[in-house]
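Now for the letters of each chain:
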Amino acid sequence: MNINRLVYMLICAAIVTTVVLFCLVASEKTRLARAGALQRGKAIEHGAALYSLHCRTCHGNRGEGIGQLGPPLNDEHFFRHRLKEVGWQATLEDYISATTAHGRMMGTRPIYAGNGSTAVMPGWNEKYGGPLRADEIAEISRFILNWEATALGRVTLEQIELSRMNLADRKNSAEGEHVFVEKCSRCHVFRDIDRAQIPGPGLSGLSTIAPQRREGYEGIDYLKESVMIPKAYLVDGYTELADEHSCGAVLSFSDLESVGSFLLQ
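Rules and cut-offs
Residues numbered from 1 in each chain as written. Predicted model: local features only at pLDDT ≥ 70, side-chain atom pairs only at ≥ 80, totals over all residues. Heavy atoms only, no water. Salt bridge = Lys/Arg side-chain N within 4 Å of Asp/Glu carboxyl O. Helix = DSSP H or I, 4+ residues; strand = E, 2+ residues; numbered from the N terminus. Buried < 20%, exposed > 50% of the residue type's maximum accessible area, 1.4 Å probe, protein only. Phe/Tyr/Trp six-rings, centres within 6.5 Å; stacked < 30°, edge-to-face > 60°.

**Brief notes about the pattern of salt bridges**
As enumerated under the stated definition, the model contains seven salt bridges in all. In this structure, arginine 80 engages glutamate 76 in a salt bridge whose closest nitrogen and oxygen atoms are separated by 2.9 Å. One end of the pair, arginine 80, and the other, glutamate 76, are both in helix H3 (residues 76–86), four residues apart, so they sit about a helical turn from each other. Using a relative accessible area of 48% as the deciding quantity, one classes arginine 80 as partly exposed. The exposure class assigned to glutamate 76 is partly exposed, which follows from its relative accessible area of 42%. Here arginine 142 and glutamate 93 are joined by a salt bridge, their closest N and O atoms 3.8 Å apart. Placement of the pair is arginine 142 in helix H5 (residues 134–145) and glutamate 93 in helix H4 (residues 92–102), with a sequence separation of 49 residues. Taken together, the salt bridges that share partners define one network made up of Arg133, Asp135 and Glu136.

**Re the packing of aromatic side chains**
In this description, an aromatic ring pair is defined by two values, namely the gap between the centres and the angle between the planes. By the definition in use, this model includes six aromatic pairs. Judged by centre distance (5.4 Å) and plane angle (85 degrees), the rings of tyrosine 51 and tryptophan 147 are edge-to-face. Here the residue tyrosine 51 occupies a position in helix H1 (residues 3–54), and tryptophan 147 occupies one in the loop between H5 and helix H6 (148–151), the gap between them amounting to 96 residues. Each member of the pair tyrosine 51 and tryptophan 147 is classed as buried. Centre to centre, the rings of phenylalanine 78 and phenylalanine 79 are 5.4 Å apart; their planes meet at 90 degrees, and the pair counts as edge-to-face. Residue class for phenylalanine 78 comes out buried when judged on its relative accessible area of 6%. Assessed through its relative accessible area of 14%, phenylalanine 79 is described here as buried. Pairwise contacts between aromatic rings join Tyr51, Phe143 and Trp147 into one cluster.

Right under this line is the structure:
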């Protein structure tokens, strides 16, 4: 092999190597962007599951808020005005994470003021007795922030009718009947369960009664609000009973779901 051919091959190899390196460098930015988007997507997806497990009972399945239990998180006010309202100087993501981790002892608006004996919102970080790690709280925050585009009207989602959760699941309903008899029948009657020593409002036909008492409410939402904040709505004639026998926060969320399945079957 003569020297000229060797030099020619070395030059070609250098050119090919340079082109390959240039292509790799040019595509690295795109690759990193895709990897980042994939990571954010996974965090939002995991945050959605955590939100459904821990947050929806007070803030709603879609962040719409539930009565006096919890304010909406998927609306224009939250994204445009919430930080100014509470005087928060950092980012909205920091605010969500900090509030979730530490909880809230006081509400900034009267309608979200707890039930008089418990905090407005407990601390969810495991350091403060909650069930969530810091990274899980961060994922919930990212999921909530993902509502910004729809909350501000930048994106309009097509509404798809979904069948409502089967509240008449037999197993859950049976558990709900047991909880009702043990913890609720002292004050309330339902169908043929009539053991009330201190009669409170009847709960038969709750699906029909709920929207009549609280406009826009479905039975399960009305039930949750009534148990968590007993004085959110007082039925005529039962004010004195509510003062003497508060049922605020006496049921776990799982028991509340079971009782809902039983009462709304």
